[in-house]
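# Coordinate analysis (summary)
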Amino acid sequence: MESDGPEVRRPFRPGAPWRLGVLAEHVGAELDGDPEVVVDHVAALDSAGDGALVFLHDRRMCAALQETGAAAVVLRREERNRTTLPALVTDHPQLIFARAAGLIHAEPRPDDGVHPAAWVADGADLGEGVIVAPGAVVEPGARLGARVWVQSGAVIQAGAEIGEDTVIESGAVIGWGCRLGRRCRVEPGAVIGGTGFGFAKDGEAWVRIPQLGRVVLGDDVEVGANAAIDRATLGETVLEDGVKIDNLVHIAHNCRIGVHSAVAGQVGFAGSTYLGPGCTVGGQAGFADHLEIVGGCHFTGRAMVTGSIDTPGVYSSGLPATPNRRWRKSVARVQQLDEMARRLRALEQEIEALRGGAPGGTTEDGE
Amino acid sequence: MESDGPEVRRPFRPGAPWRLGVLAEHVGAELDGDPEVVVDHVAALDSAGDGALVFLHDRRMCAALQETGAAAVVLRREERNRTTLPALVTDHPQLIFARAAGLIHAEPRPDDGVHPAAWVADGADLGEGVIVAPGAVVEPGARLGARVWVQSGAVIQAGAEIGEDTVIESGAVIGWGCRLGRRCRVEPGAVIGGTGFGFAKDGEAWVRIPQLGRVVLGDDVEVGANAAIDRATLGETVLEDGVKIDNLVHIAHNCRIGVHSAVAGQVGFAGSTYLGPGCTVGGQAGFADHLEIVGGCHFTGRAMVTGSIDTPGVYSSGLPATPNRRWRKSVARVQQLDEMARRLRALEQEIEALRGGAPGGTTEDGE
Amino acid sequence: MESDGPEVRRPFRPGAPWRLGVLAEHVGAELDGDPEVVVDHVAALDSAGDGALVFLHDRRMCAALQETGAAAVVLRREERNRTTLPALVTDHPQLIFARAAGLIHAEPRPDDGVHPAAWVADGADLGEGVIVAPGAVVEPGARLGARVWVQSGAVIQAGAEIGEDTVIESGAVIGWGCRLGRRCRVEPGAVIGGTGFGFAKDGEAWVRIPQLGRVVLGDDVEVGANAAIDRATLGETVLEDGVKIDNLVHIAHNCRIGVHSAVAGQVGFAGSTYLGPGCTVGGQAGFADHLEIVGGCHFTGRAMVTGSIDTPGVYSSGLPATPNRRWRKSVARVQQLDEMARRLRALEQEIEALRGGAPGGTTEDGE
C-alpha cells in the first residue's frame, strides 16, 4: 500500500543525462567523487537503480543508503561518511536536490507559436517564443511576454498582461486586465480575477458593487489547481513576488499576500486582509476580513484567524478528531463550561466561609 | 503595503462621463450642488482625483474628505456639513454608490453573434443579441434568451435553458437540462449541474444512484468562481431569486437556498438542506444534510451547522486561533473536561458533608 | 419550499419502458406481481404517477404508499404486506432501486467519433466507439480505451491513459501521464494531475521541487466537480478501485485512498497520507500529512484528523454552531480552562486540609 514502493523505480517524466561534475556546478554543491559519473533521473532512496540521483533527507534513511543502487547522492557534510557513493555535499540537501531534479527533468515544451486549433485575437500582443496550445483563447488587447505558454483550453481575457516565461495551464482563466509577473505558474482550472463578492443592500435584495480593480501577481508566483483569486473592488488584489498558493484556495477582493508567503490547500481569505511576508499557512485555515497579519507568522492547518496579529509566531486552533463517543461528551461539557465556572466560584466562597478567613488560608482568584 | 494606496488613482475598467444632475436622477439620490459637474469614474476617498465620484462610508474618513481631489461625493444627510463638494445625498450611501459605479463603469461587451471560433449545435435556440465567444460550446437543445453572453471557453450542455441577460463567464459549465433565470451571472470555472454524490452499498462497493434531476436558478442569481452546484437526484436543486453565492461554494443535490440569501466563499451544504430567505453565511461554514434553517439566520465564518434551526438570529462556532503553546494546553484541557466536571461534583458533595447540612448554607446544583 | 414537491412528477432525464419481469431479472430482485406491468421512469413516492417505479426507503413513508399513483414499488420483504402494488422484493431496496434507475434512465450518448470542432493530436490512440466532443482537446501520446467519452471543453494532456467506458466531463483536465481505469467518471472542472505543492527553502524564497510522478485511478472511481488531485513528487498518487470523491475535494501529492472509500465535498488531504479501504469521510474534514488511517474508519463532517489511526471506528471533532452570545461565552471559558483546572486542584487541597485527612474521606485525583 506504499505509494512509492520499490516497484516504482523511475519518475514518470523522463530525465536527461548529466555528468556529476557539471551538475554540481549548476546546482551550487560541492562534488565529492568522480565527476564523470552520469545521472539521468532522480529517485527515492529505497527504490533507486542505475543512473539515479537520490537525496538523504533523514538520518533514519541511512540504512537504505547502504543498500541503494543509486549512482550518486545529495547529502549533508556531516553524513558524508555514511556512504562511498559519489556525493553532492551541501548544507541544504533538499534545495540542491530540487535544483538538480529541475535540471535533469526539464519540462518538455511543444513547438512555439499559435496552434491552428487555438484562437488569438488580432489585437493581442505576443512576445517571441510564445506557445498557444489547441483550444486556448487569447482575447483582444492581451499581452504575452516572451516564452509565455498558454496550455490547451486556457483563456486569457481582454487586456490581461502576462510576464516572460509564465505558464498558464489547461483550463485556467486569467481575467480581464489582470497582470502576472515573470516565471509564474497558474495551474489547471485556477481563476485569476473573478468578480469580488461585494453587494449593497437594497431593501431585501442585493445590488452588486461593481468590481473594477484587478489582480496583480509578482514574479515567481504559483497558483494551484482550481484556486480562485478575486479582483479588487477598486485598485488591486496582490500576490507579491515568490508567493505560493496551493489548490482550491480562495482569496477575496483587495487582499494582499506578502512576498514569499506560502498558503496550503483550501485556505480562505476574506476581503482586504493583509498577510505579511514570509508567512506559512496550513491547509483549510481561514482568515476574516480586514485583518493585518505581521510577517513571519505560521498558521497550522484549520487555524481560524479572526483578529489582526502583530507578533510573529505559530498560531493554531481547532480540536483534533477523537472517537465519536468521547467527542460528544466534550461538546456537551463545553456547553456547560459557563455553569462549571460559576459552581467553581461558589465552592471557593463556601470554603472561604468554612475556614472563617483563617490567616493560614490562601485563595487564588482568577476571575 | 496598502492595496489601495494613493498611487492607484483610477479603477482598471474605464468609466464614461456623467453629469451629476442626470446621475442623481438615475440612482435615486438627492443632488446638493451643481448639476453640470461631470464625474467619469469612481475612486477611493484617499486617492481620488479629477472627475472622481467618492463615497463617505465611515465617519472616520471625514478628515480624508477635507483633502480629497474628488469631483463629488455620496454621503448621508447628517454628514452633508462635512464638505462643500457637490454631493449625492441619501440614507443609503453604499447602495447609491453601487448604482452609480454600475452606470459610470458599464461592462463592455464584444459584438453580438456566434464567433466563428465558437461551436453552437444546429438544434440550439439563440435569442436576439446573444454572444457566443471563441472556444465556447453550446450543445444541442440548449436555449439562450436575448442578450445572453457565453464567454470564451464556457460550455452550455444539452438542453440547458438560460434566461435573458444572463452571463456565463469563461470556463463555466452549465449542465444538461439546468435552467437559469434572467440577469444571472456564473463566474469562471463554476459548475452548475454536476452529478449529485449519491450511492447505494453493494457489499463493499458503491453503486451510483442516478442523479436525474436538475439545478434551477431564479433571476438575479450570482455564482462565484469554481463553485459547484449539484443537480438533484429527482426534482430540483434550487437557488431562488437574488441568491448570491461566492467562490468555491459546494451545494449538494436537492438543496434549496432561499430568496436573497448570500453565501460567502468555501461554504458547503450537504444534501437536501433548506436555507431560508434572507440568510447570510460567512466563509467556510458548513451545513449537514436534511436541515431546515428558518429565514433571517446569520452564520459567522466557519460555523458548523449540525441541526435544524427555527429561530432567526446569529449563530457561530469554532475556536479562534491562539498562540500554538496555549492552543495545545486548551486542547488537552478540553479532553479533561469530563473528569473536571466529576471532580467538581465530588468537591461539592464533600463540602456539603463538611458543613453538615447547616441551614445557613446554599448550594447551586447545575447538573 | 420543498424541493421535491408534488408538482415535480418526473425526473428531468427521460426513461425507457421496461416490463417488470425483465427488470426484476436484470436488477436481481424477486418479483411479486404481474411481470407484464410496464414502468418507464423512477419517481419519489409522494409525487409518483403512471408508469413510475418508486422505492419504500423508510417505514414512515407507508402512508404515502397507500395513496401513491405509482405502477410498482421496490421494498423489503417485511414491508410486502403494506401494499398490493406489484413489487420488486429485496433485502437491499436502495441498491435495487439504484440499479433499476440506471437501466430505465440510461445516459444518452452523442454519436461516436471525433467531432470536427474537437482537436485530437495525430499521435493519440483512440479505441473503438470513443467520443470526443466539440471544444475538447486530446494531446499527443494520449490513449483512450474503447467507448471513452471526452465531453465538450475537456482536456486530455500528453501521454495520459484512460480506460474503457470512462467519461471525462466538460472542462475537466487529465494531466500529462496520468492513468485512469475503466468505468471512471471525472466530473466537470475536476483536475487530475495538478502539480504537487512541494518547495525547498532557498534563503527567504521557495524553489519548486519538480513533481515528476503521476495520478493513478483504479476502476470505477468517481471524482466530483472542481476537485483537485495532485500528481506525486515521485511515484504515484493513487485512488484505488471503487473510490468515490465528491466536489471540491483536495488530495495532495503521494496520497493513497483505499478501495471503496468515499469522501464527501470539500475534504482535504495533505501530502502522503494513506486512507485505508472502506472508509467514509464527511464534508469539510481535513487530514494532516503522512498519516496512516486504518480501513473501516468513518469521519463525521469537519473532522480534523491530525494523527494516524489504527483502530476502526467513528471519529469526530468540532463544536456545533450555537447562538452567537452563548458561543462567545464558551470561547472565553475555553481560554480560561487551564486556570479553572488549577483552581479546582487548589480547592481539592484546601478541603483535604480542612478535613484533616479524616479516614472517612476519599478524593479523586485525576491529574
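Thresholds, definitions, all that
- Residues numbered from 1 in each chain as written.
- Chains lettered and ligands numbered in written order.
- Predicted model: local features only at pLDDT ≥ 70, side-chain atom pairs only at ≥ 80, totals over all residues.
- Helix = DSSP H or I, 4+ residues; strand = E, 2+ residues; numbered from the N terminus.
- Buried ≥ 20, exposed ≤ 12 C-beta atoms within 10 Å, placed from the backbone.
- Contact = placed C-beta atoms within 7 Å.
- Nonpolar A, V, L, I, M, F, W, Y, C, P; charged D, E, K, R; others polar.
- Pairing = 2+ DSSP bridges.
- Least-squares fit on C-alpha atoms with pLDDT ≥ 70 in both.
- Expected span 1.5 Å × (residues − 1).
- Arc of directions from axis to C-beta.
- Axes fitted to C-alpha atoms, helices over the stretch in contact; angles between N-to-C directions.
- Parallel < 35°, antiparallel > 145°, perpendicular 65-115°, else oblique.
- Left-handed = near helix turned anticlockwise from the far one by under 90°.
- pLDDT = per-residue confidence, 0-100.

## Quick notes on the overall build of chain A
Helix and strand content of chain A: 5 helices and 40 strands. Taken across its 367 residues, chain A has 58% of its residues classed as buried. Once local pairs closer than 6 in sequence are excluded, the contacts in chain A between residues at least 24 apart make up 23%.

## Comments concerning the interface of chain B and chain A
On the chain A side, the residues contacting the 66 residues of chain B number 78 residues. Here the side of chain B that touches chain A gets 9 residues from one element, more than from any other, and that element is helix α5 (residues 337–355) of chain B. Looking at the side of chain B that touches chain A residue by residue, the class counts come to 29 nonpolar, 26 polar and 11 charged. By the bridge criterion, 2 bridges tie strand β39 (residues 313–316) of chain A to strand β40 (residues 322–323) of chain B in an arrangement that is antiparallel. Its bridge partner being in β40 of chain B, Y315 of chain A is matched across the sheet by P323 of chain B.

## Observations concerning the sheet that holds strand β24 (residues 214–217) of chain A
All names here are of chain A. Taken in spatial order, the 9 strands line up as β10-β13-β16-β19-β24-β27-β30-β33-β36 in an open sheet, and their pairing is parallel. Edge positions in the sheet fall to β10 (125–126) and β36 (292–293), since each has one partner strand and no second. In this structure, strand β13 (residues 143–144) lies alongside strand β16 (residues 161–162), joined through 2 bridges in parallel fashion. The residue of β16 that forms the bridge with L144 is I162.

## Comments concerning the relation of the copies chain C and chain A
When chain C is fitted onto chain A, the two copies agree to an RMSD of 0.0 Å after a turn of 120 degrees and an axial shift of 0.0 Å. Both chain copies can therefore be described as sitting about a three-fold axis. Both copies present different contact surfaces, since only 18% of the interface residues of chain C are interface residues in chain A too.

## Re helix α5 (residues 337–355) of chain A
Here α5 of chain A spans 27 Å end to end across 19 residues, near enough to the 27 Å set by a 1.5 Å rise per residue. The set of residues buried in α5 of chain A consists of L337, M340, A341, R343, L344, L347, E348, E350 and I351 of chain A. Next to the buried residues of α5 of chain A lie α4 (324–335) of chain A, α5 of chain B together with α4 (324–355) of chain C. A positive backbone phi angle near 60 degrees is found at G356 of chain A, which sits one or two residues after α5 of chain A.

## Examining the pairing of strand β7 (residues 87–90) of chain A
Residues and elements named next belong to chain A. Direction of pairing for strand β2 (residues 30–32) relative to β7: antiparallel, over a ladder of 3 bridges. Of the residues in β7, the one forming a bridge with L31 is L88. Two strands pair when backbone bridges link them, and strand β6 (residues 72–76) and β7 are joined in this way by 4 bridges, in the parallel orientation. Bridging across to β7, R76 finds its partner in T90.

## Thoughts on the interface of chain C and chain A
Between chain C and chain A, the contact holds 78 residues from the first and 66 residues from the second. When residues of the side of chain C that touches chain A are traced back to their parent elements, those giving at least two are β21 (191–194), β22 (199–202), β23 (205–208), β26 (228–230), β27 (236–239), β38 (304–305), β39 (313–316) and α4 of chain C. Looking at the side of chain C that touches chain A, the element that brings in the most residues is α4 of chain C, giving 15 residues. By residue class, the composition of the side of chain C that touches chain A is 38 nonpolar, 25 polar and 15 charged.

## Some remarks on the environment of L354 of chain B
Summarising the element assignment, L354 of chain B is placed in helix α5. By the C-beta count within 10 Å, which is 17 here, L354 of chain B ends up partly exposed. Setting aside chain neighbours within four positions, we find L354 of chain B in contact with L354 of chain A together with L354 and R355 of chain C.

## Observations concerning the environment of R80 of chain A
All names here are of chain A. Considering the arrangement of structural elements, one finds R80 in the loop between β6 and β7. For R80 and A70, which are 10 residues apart along the polypeptide, the C-alpha to C-alpha distance reads 15 Å. Sequence-distant contacts of R80, that is, excluding residues within four places in its chain, are made with D32, L75, A87 and V89.

## A short note on helix α1 (residues 20–27) of chain C
Helical periodicity: at 3.6 residues per turn, an α-helix aligns residues three or four positions apart in one direction. Residue and element names in this part refer to chain C. For α1, the set of buried residues is L20, L23, A24 and V27. For α1, the buried positions fall inside an angular range of 105 degrees around the axis, keeping them on one side. Opposite the buried face of α1, by more than 90 degrees, sit the exposed residues E25 and H26. As for α1, its buried residues are in contact with β1 (18–19), β2 (30–32), β3 (38–39), β6 (72–76), β7 (87–90) and α3 (93–104). Downstream of α1 by a residue or two, G28 has a phi angle that is positive, lying close to 80 degrees.

## Observations regarding the sheet that holds β6 of chain C
Residue and element names in this part refer to chain C. Read across the open sheet, the 5 strands follow the order β2-β7-β6-β5-β4; overall the sheet is mixed. Because the sheet does not close on itself, it has two edges, and the strands there are β2 and β4 (41–42). Pairing of β4 with strand β5 (residues 52–55) involves 2 bridges; the strand directions are parallel. Bridge pairing in β5 places H41 opposite A52. Packed onto the sheet, α1 meets β2, β6 and β7 and runs at close to 155 degrees relative to β2. Seen against the sheet, α3 touches β4, β5, β6 and β7 and runs at an angle of roughly 150 degrees to β6.

## Some words on the packing of helix α4 (residues 324–335) of chain B against α4 of chain C
Taken N-terminus to C-terminus, the directions of α4 of chain B and α4 of chain C make an angle of 70 degrees; their axes are 9 Å apart at the nearest point. Between α4 of chain B and α4 of chain C, the interaxial angle falls into the category roughly perpendicular. α4 of chain C is crossed by α4 of chain B, and the crossing has left-handed handedness. Along its contact with α4 of chain B, which presents K329, S330, R333 and V334 of chain B, the element α4 of chain C presents V334, Q335, L337, D338 and A341 of chain C.

## Points about unusual backbone geometry
Trans peptide bonds make up most of the peptide bonds, and negative phi angles are found at most residues other than glycine. The backbone of R302 of chain A shows a phi angle near 70 degrees, a positive value even though the residue is not glycine. Position of R302 of chain A among the secondary structure elements: in the loop between β37 (297–299) and β38 (304–305). Taking the C-beta count within 10 Å as the criterion, R302 of chain A has 30 such neighbours and is therefore assigned buried. Not every positive phi belongs to a glycine, and H290 of chain B is a case in point at roughly 60 degrees. Relative to the helices and strands, H290 of chain B is located in the loop between β35 (286–287) and β36 (292–293). Overall, H290 of chain B belongs to the partly exposed group, with 13 C-beta atoms counted inside 10 Å.

## Observations concerning the pairing of strand β39 (residues 313–316) of chain B
Two elements, strand β37 (residues 297–299) of chain B and β39 of chain B, share 3 bridges in a ladder whose sense is parallel. Looking across to β39 of chain B, one finds that H298 of chain B is bridged to V314 of chain B.

## Concerning the packing of helix α1 (residues 20–27) of chain A against helix α3 (residues 93–104) of chain A
All names here are of chain A. Contact geometry for α1 and α3: axes closest at 10 Å, N-to-C directions at 120 degrees. Taken together, the axes of α1 and α3 lie oblique to each other. Of the two elements, α1 crosses α3, and the hand of that crossing is right-handed. On α3, the residues touching L23, H26 and V27 of α1 are I96, R99, A100 and L103. Residue classes in the contact of α1 with α3 are distributed as 5 nonpolar, 1 polar and 1 charged.

## Brief notes about the environment of A228 of chain A
When you line up the elements, A228 of chain A lands in strand β26 (residues 228–230). Among the residues examined, A228 of chain A registers 32 C-beta atoms within 10 Å and is labelled buried. The spacing of A228 of chain A and N247 of chain A is 19 residues in sequence and 9.1 Å in space, taken between C-alpha atoms. The residues contacting A228 of chain A, other than those within four sequence positions of it, are V191, G194 and H250 of chain A together with A225, N226, N247 and L248 of chain B.

## Regarding the confidence of the model for chain A
Residues and elements named next belong to chain A. Chain-level statistics for chain A give a pLDDT mean of 92 and a share of 95% at 70 or above. For residues 358–367, every residue scores under 50 in pLDDT, and the model assigns this stretch 9 contacts once sequence neighbours within four places are set aside. Across the interfaces of the predicted complex, the ipTM metric reaches 0.93, alongside a pTM of 0.94.

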